[in-house]
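Each chain, letter by letter, is given below.
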Amino acid sequence: MYILFQLFALALVPLFDSVIKNVKAFWNGRKWPSLLQTYYDFYKLFTKKWQFISKFTSYLTILAIFVIFAVSLFLFFFIPVWWNAPILDLSFFIFFYVWSLATFFMIVYAMDNATYFWWLWVEREFFVMALVEPILILVIATLAFLFWTTDLTSIHTQILNLDFPFIVGFMVIALSVICFYVLLAENKRFPFDNPATHLELTMIHEAMLLETNAKHLAIMELSSKIKLVTFFSLFIYIFFPFTFWITNIVWLFVLWFIKALVLAFIIWTWEIFIVKIRIFKYQNVFIFLFLLNIFLLIFYILK
Amino acid sequence: MFSTALILISLSVLYPLFFTITQKKIKTWNYILIIAFILLFIKSIFVFFGISNTEFFTTSLINISFLEAFFMLIFSIVGVAILFYSNYYSSFLNKNKLNYYTIFTNIFLLSMLWVIVSAEAFTFLVFWEFMSLSSYFLVIHESDKQESRISGMWYIILTHIGMFFILASFLPFLIESKSSFFSAWQNINLSYNSLLLVFIASLIGFGGKSGLFPLHIWLPKAHPIAPSHISALMSGFMVKLPVLMLLKFYLFFMTGIDIRFAYTLLILWAITAFWWIFNALIQNNIKKFLAYSTIENMWLIYVALGIVVTWIATKNNTVLALWVISTLFHTFNHSIYKTMMFSMAWSLIERTHHNYDYSRLWWIAKIFPVFSIFFLVATIAIAWIPPLNGFNSELTVYSALINIISWNADKVLSLVSLFSLILVWMMSVLAFVWFAKLYTIIFAWNARDTSIKLDTKSNNCEYISYTILTFWILVLSFVPWIINLFASKIFSFIDTPKTLLSIQIWDINYMPVLISIILIILASLSYMFYKSIAWKEEKMDVWNCWYPKLIAKSQYRAESLIQAIRRVYKWLYSETNSLSHISKVEWKSYYKKYLSSIDYKRWYFLKVHFLYEKLINFVWAISTKLKSMQSWVLQDYVSYMLLTLIITILYILVFNS
């Protein structure tokens with residue numbers, strides 16, 4: 001049952017991309033494309049007759065693509081997205097470390113193709129990773145200290161039942177802000193990256209897809225979209241777990257979908273009104289978040 | 001069984017003393033040694049399962065309990081792999097020095113075995129000294145090179161300072177128990193001051209050997225210079241021997257251990273790691289890079305050891321007994337994958353005609369795929385990425401530290417643990433970055449330096465060695481609970497919970513086998529789908545920035561890939577604008593200003609050498625003063641002796657009355 005719903009959720013993944021485009025078009029005052037546009041795009045990419053690849057690639061390219069795709073699918077299927085009975089009880093730690101396997105193979109893919117844009121991406125990916133990942137793991141640790149668990153389901157249940165003192169609630173809100181920034185940086189969104197631009201000065205995520213085409217492009221795009229939705233679901237699951245007294249599985253699924261759409265709407269409305277930060281000013285933001293999180297932890301220890 | 005192995009290894013030391021060694025004889029002796037090491041492996045398994053066997057001889061100097069057996073197990077696995085590798089390596093040795101290599105390599109193996117099993121302090125010290133000396137002679141095997149001699153000097157001096165402190169740490173026990181046997185040292189109540197002395201001396205003595213700040217500087221100097229199978233042994237196993245001794249000290253000898261000892265361990269090693277972390281970032285010499293990685297891994301082991309000390313000092317949390325395992329687990333893991341990395345690194349260096357700079361290598365995955373797969377396994381293990389074994393032990397350390405903080409017994413302890421925890425995280429991320437960089441630069445395409453040609457002639461012995469180590473990496477990754485089998489025996493007095501059956505730590509369910517199977521299924525399903533769509537593949541040129549073809553000048557180098565990170569952390573580095581790598585003719589042809597860019601080989605972070613220079617100047621000043629005593633006249637020396645005698649007698653008369 002869960003698997004069926006999750007397959008359905010997978011089918012909804014491209015829809016989120018359409019929603020993003022539509023929200024942006026709405027705020028820009030443009031006419032927006034059909035909601036099915038992303039499905040058409042994927043169909044087109046998958047049915048291309050030719051697959052061009054860099055002549056320097058070895059077996060690593062194919063290996064990397066499918067490891068990345070498998071990891072995205074795995075995390076999408078096996079974290080408890082909207083239902084409180086996941087198949088595997090994955091903890092936060094395992095979630096992010098398994099994702100690091102995908103990142104490793106993305107770097108392998110990038111270097112194996114030997115294109116300038118990929119190297120550019122690798123450099124910036126290293127940079128963002130070295131700044132973001134410690135914060136991400138600190139967030140997990142803080143949650144672990146607060147709720148005495150790193151298990152996603154039990155953190156979710158405790159927040160849902162408001163089963164904690166007021167001070168912890170305050171800390172959870174602070175954490176959600178930090179986590180929100182981490183989510184944006186991990187998925188290469190505004191204000192850290194502009195996915196719509198193709199200027200080599202500004203791009204991070206798009207740089208890696210510039211010289212990819214046809215099925216490879218489709219698979220890579222799909223995994224990055226799956227990643228985005230997974231992060232969305234996780235964020236909702238931890239920080240907005242409220243179910244409004246709904247118990248029916250179908251309605252829970254609908255609720256998850258609505259919450260994700262609302263979050264998407266908020267993020268992309270917000271994106272319109274802010275500007276991208278220069279790359280070498282990232283560290284100011286991240287070091288601030290890092291210190292804020294350490295402050296929270298020390299506060300927790302000394303309280 | 002053990003005695004047979006011991007006799008075989010001793011014979012291998014004696015033979016080259018009397019007979020000339022040829023390459024064929026080295027191989028023969030290596031096979032004999034492999035048999036000896038397999039016997040050691042069986043012996044340690046026998047110890048764990050309580051199977052008794054008859055020995056040729058027994059001596060009270062040797063004691064093999066569970067802890068020793070565990071280290072012997074690691075030693076035998078690493079040893080067999082190294083000996084197979086040595087069969088491959090021996091064909092590249094200097095033919096005039098074959099006896100030299102063989103003697104010292106075999107002494108090195110023998111003395112390490114003795115250090116593990118010796119049950120008596122002086123035997124231990126003698127063989128510890130043999131171990132240091134033999135490895136020193138192996139480090140300086142290319143003694144005609146100045147770099148080799150200087151590294152060897154640093155190594156021998158720092159090792160002997162360590163030796164002095166080890167002796168000092170033994171003294172209180174020798175005095176108190178009036179016995180030099182380790183078994184007599186248990187259950188001795190030392191005063192707090194002696195305990196403090198033992199702790200500090202043992203930390204400096206043993207910690208220096210495994211690279212503790214500021215005694216670590218020999219490590220990145222000596223490891224790249226030594227022959228590669230010796231670097232692998234040193235990095236893979238020798239630096240773990242101090243952990244064995246410290247475990248003995250903390251668990252058995254030092255009763256009444258203080259929680260502040262744990263703080264010292266955690267903080268000192270955090271500084272060590274911090275030094276490592278940013279030095280490895282800019283390192284292009286592959287063997288130096290791996291040496292820095294050794295310091296980092298040793299740090300994780302010592303953090304785990306700090307957790308052990310915390311447990312012993314507080315003794316009020318039975319769950320924490322589980323975390324004791326993480327020390328042993330990471331020791332095992334690191335021995336296996338670091339040995340593999342060092343062996344493979346040398347294979348690359350040899351195949352590219354002695355090119356140590358990994359940033360010049362390219363395209364190896366395409367022309368040498370089998371090798372690249374082995375290297376991929378080792379990289380994923382060493383970069384602490386799931387599902388392989390490095391991550392398993394890292395996860396145990398994580399959970400232990402989180403557990404200590406959540407437990408919230410002591411505020412200072414929590415803060416210190418938090419400090420370690422944050423560093424472990426930063427380290428795991430940066431280790432990921434560096435090993436991703438290392439792997440992709442070597443194996444992915446990038447025509448950086450077309451003068452590098454790779455010799456793809458493969459050697460069976462080499463691959464046997466990699467296969468053995470890969471097998472153990474896979475075992476430790478997917479059957480991690482075997483470590484519990486050993487730990488429950490070793491720490492039987494702790495009442496270890498038996499729940500490490502998948503790694504179930506605290507509440508983290510981590511099932512590496514299940515995750516891997518699911519990933520493999522998903523990947524192969526999507527690959528089949530991909531293959532099933534009709535498609536034609538065409539290999540194309542990529543966009544070359546308007547150059548007609550990819551050339552080295554227009555490409556990213558190893559330095560460029562981490563340029564952004566380096567820029568953020570630039571306040572940590574002191575730059576030197578050395579132009580040593582550019583010839584004078586070249587220098588004239590460029591603008592002076594343009595060339596004063598940074599030479600990446602000469603970046604220092606935290607000038608440790610400054611400390612050493614002060615120390616050396618001090619010792620030098622004192623010894624020049626003392627030199628005036630050396631008059632080369634006999635009566636002067638006799639009068640010194642007389643003076644010493646008078647002082648001694650006075651001392652005894654005054655203090656013993």
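Residues numbered from 1 in each chain as written. Chains lettered and ligands numbered in written order. Predicted model: local features only at pLDDT ≥ 70, side-chain atom pairs only at ≥ 80, totals over all residues. Heavy atoms only, no water.

A. Up close: the overall build of chain B. The helix and strand tally for chain B stands at 26 helices and 5 strands. Within chain B, residue pairs in contact and separated by at least 24 positions form 81% of the contacts whose partners lie at least 6 positions apart. Surface exposure of chain B reaches about 26900 Å², of which carbon and sulfur atoms provide 67%. (Helix = DSSP H or I, 4+ residues; strand = E, 2+ residues; numbered from the N terminus. Contact = heavy atoms within 4.5 Å. Areas by Shrake-Rupley, 256 points an atom, 1.4 Å probe, with all protein chains shown as cover.)

B. Local environment of the interface of chain A and chain B. Residue-level contacts link 76 residues of chain A with 87 residues of chain B. Around 7500 Å² of area is buried between chain A and chain B when both sides are counted, 77% of it from carbon and sulfur atoms. On the chain A side of the contact with chain B, Phe104(A), Tyr116(A) and Ile301(A) bury the most area, a combined 11% of that side's loss. At the boundary of chain A with chain B, the tally comes to 0 salt bridges. Here chain A and chain B share 9 residue pairs in polar contact (both at pLDDT 80 or more) between them. (Buried area = accessible area lost by both parts, 1.4 Å probe. Salt bridge = Lys/Arg side-chain N within 4 Å of Asp/Glu carboxyl O. Polar contact = N/O pair within 3.5 Å; in protein donor to acceptor, adjacent residues only side chain to side chain.)

C. How the structure looks around helix H15 (residues 369–382) of chain B. Residues and elements named next belong to chain B. With 14 residues, H15 extends 20 Å from end C-alpha to end C-alpha; this agrees with the ideal 20 Å at 1.5 Å per step. Of all 14 residues in H15, 11 are buried, a share of seventy percent or more. Looking one or two residues past H15, Trp 384 carries a phi angle of roughly 60 degrees, positive in sign. (Expected span 1.5 Å × (residues − 1). Buried < 20%, exposed > 50% of the residue type's maximum accessible area, 1.4 Å probe, protein only.)

D. Layout of the packing of aromatic side chains. Residue and element names in this part refer to chain B. In total, this model carries 99 aromatic pairs over all chains according to the counting rule given. With centroids separated by 6.1 Å and ring planes inclined at 65 degrees, the aromatic side chains of Phe 124 and Phe 182 adopt a geometry described as edge-to-face. Residue Phe 124 is located in helix H5 (residues 121–139), and its partner Phe 182 is located in the loop between helix H6 (146–177) and helix H7 (192–209); the two are separated by 58 residues in the primary sequence. An identical accessibility class is assigned to Phe 124 and Phe 182; each is buried. Above the ring of Tyr 100, the side-chain terminus of Lys 97 is found at 5.3 Å from the ring centroid. (Phe/Tyr/Trp six-rings, centres within 6.5 Å; stacked < 30°, edge-to-face > 60°. Lys NZ or Arg CZ within 6 Å of the ring centre and 35° of its normal.)

E. The arrangement of the pattern of salt bridges in detail. Residues and elements named next belong to chain B. Under the defined criterion, the tally for this structure stands at 8 salt bridges over all chains. In this structure, Arg 351 and Glu 462 form a salt bridge, with 3.1 Å as the shortest nitrogen-oxygen distance. Taken as a pair, Arg 351 in helix H13 (residues 324–351) and Glu 462 in helix H18 (residues 460–478) lie far apart in primary sequence, 111 residues in all. In this structure Glu 462 comes out as buried when scored by relative accessible area, which is 0%.

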